[in-house]
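Secondary and tertiary structure notes
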Amino acid sequence: MKIVRPEAQAIWQKALEPKEWKAVDAIFTGDTEEDGMGRWLFPSGQLGETWPMEWDGITFHGRFTSFRHVGVFPEQSSHWHFLSDMVREAAKKRSTPPKVLNLFGYTGLASLAAARAGAHVTHVDASKKAIGWARENQQLADMENLPIRWICDDAVKFCERELRRGNTYDAILLDPPKYGRGPKGEVWQLLDDLPHMVDLTRELISKDPLFVVLTSYAIRSSFYAMHEIMQEAFGDLGGKIESGELILRTEDSARAISTSLFSRWIA
Ligand SMILES: C[S@@+](CC[C@H](N)C(=O)[O-])C[C@H]1O[C@@H](n2cnc3c(N)ncnc32)[C@H](O)[C@@H]1O
């Protein structure tokens, strides 16, 4: 499957021949913004909504959405490798499975990777559709027997309730959009709400923590901002904080496209 999507960061001359740009299965005609609306054109004839994809042996669906998204954020692969290694190691040493909370979890690749590595996963997303796609991916990956709780809720509300219940998690992932809405219309504005959200994750982290991974898209900011917010919340717990940008490399690795900012606290 070859698709063409606009990318605001790709400001250089095209390297491929024009005929290669034409020989594709789908073209997104819409806004370049991460959550830009638009529609897909199919030069070689209409295609189904989904197509099979695979990451590290996990089968899932790529899908055409009315957004620029294709049902997966491939640049998150470095996070999935990281969490798989961390969880697998911890699961070997502990008497109970590590508890992982995946906030803003979308189609669930991180949740499937964590569950396969031995974690007990709680996946939270505000979109019923995204939760449905994530459960579909669980079936496709033949992982229905793995312990994943799928929760359709507002991430802030869910975390505040978990705190009141006294629940904690050994590892937390949060990948909020720039702007979002909870199932009951709760408004999420990243630059306004992120500090409180990160503080909530600090209070939810267990006494035997592994890591917290924050990723953010489409904000005019530097990864230093993410680094400082994590340093403020987790600095006193020791461990280390790694921050930077998630990138995608062109096939010949000559070029890199920055897709998002991240900061990882590792206990
Ligand atoms: C950028 S995507 C996350 C991508 C995901 N981390 C991945 O790797 O596949 C953001 C997700 O946040 C969800 N979302 C938006 N507002 C939300 C809210 N208030 N509470 C929970 N989830 C929300 C959206 O439905 C979307 O699935």
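Located above this text is the structure these notes cover.
All of these numbers come straight from a predicted model, not from anything done at the bench.

1. Section: the site of the ligand
- Near the ligand lie 17 residues; those nearest to it are Asp-125, Ala-126, Asp-154, Ala-155 and Asp-175.
- Interatomic distance of 2.8 Å between a side-chain N/O atom of Asp-154 and a nitrogen atom of the ligand.
- Here the ligand loses 91% of its free accessible area of 610 Å² to cover by the protein chains.
- A molecule is said to occupy a pocket when more than half its atoms come within 2 Å of that pocket's grid points, and by this definition the ligand occupies the second largest pocket.
- Per-class residue counts for the shell around the ligand are 7 nonpolar, 5 polar and 5 charged.

2. Details of the side chain of Ser-263
- Structurally, Ser-263 is set in strand β14 (residues 256–266).
- A polar contact of 2.8 Å, which involves the side chain of Ser-263, links it to the side chain of Ser-243.
- Ignoring any residue separated from it by four or fewer positions in sequence, one finds Ser-263 in contact with Val-212, Val-213, Leu-214, Met-226, His-227, Met-230, Ile-241, Glu-242 and Ser-243.

3. A short note on the packing of aromatic side chains
- Throughout the structure, instances matching the rule amount to 11 aromatic pairs.
- Relative to Tyr-106, the ring of Phe-73 lies with its centre 5.2 Å away and its plane at 65 degrees, an arrangement referred to as edge-to-face. Of this pair, Phe-73 sits in the loop between β5 (58–63) and α2 (77–93) while Tyr-106 sits in the loop between β6 (99–103) and α3 (109–116); the two residues are 33 residues apart in sequence, bridging distant segments of the chain. In terms of burial, Phe-73 and Tyr-106 fall into one category: buried.
- Judged by centre distance (5.0 Å) and plane angle (20 degrees), the ring pair of Phe-234 and Trp-265 falls under stacked. With Phe-234 in helix α7 (residues 223–234) and Trp-265 in strand β14, this residue pair connects regions lying 31 residues apart in the sequence. Here the two residues Phe-234 and Trp-265 agree in accessibility, since each one is buried.
- Each residue in the set Phe-28, Trp-40, Phe-42, Trp-51 and Phe-64 is aromatic and connected to the rest through ring pairs, giving one cluster.
- Directly above the ring of Trp-21 sits Lys-14, whose terminal nitrogen or CZ lies 4.5 Å from the centroid.

4. Considering the pairing of strand β2 (residues 26–30)
- Across 2 bridges, strand β1 (residues 3–4) lies against β2 in parallel orientation. Residue pairing across strands places Ile-3 opposite Ala-26, the latter belonging to β2.
- Summarising the sheet, β2 and strand β3 (residues 38–41) pair through 4 bridges and their orientation is antiparallel. Bridged to Thr-29 within β3 is Arg-39.

Quick notes on the rules
Residues numbered from 1 in each chain as written. Predicted model: local features only at pLDDT ≥ 70, side-chain atom pairs only at ≥ 80, totals over all residues. Heavy atoms only, no water. Near = heavy atom within 4 Å. Polar contact = N/O pair within 3.5 Å; in protein donor to acceptor, adjacent residues only side chain to side chain. Areas by Shrake-Rupley, 256 points an atom, 1.4 Å probe, with all protein chains shown as cover. 1 Å grid on protein atoms, 1.4 Å probe; cavity = no way out; pocket = protein on both sides within 12 Å on 5 of 7 lines; lining within 4 Å. Sits in = over half its atoms within 2 Å of the grid points. Nonpolar A, V, L, I, M, F, W, Y, C, P; charged D, E, K, R; others polar. Helix = DSSP H or I, 4+ residues; strand = E, 2+ residues; numbered from the N terminus. Contact = heavy atoms within 4.5 Å. Phe/Tyr/Trp six-rings, centres within 6.5 Å; stacked < 30°, edge-to-face > 60°. Buried < 20%, exposed > 50% of the residue type's maximum accessible area, 1.4 Å probe, protein only. Lys NZ or Arg CZ within 6 Å of the ring centre and 35° of its normal. Pairing = 2+ DSSP bridges.

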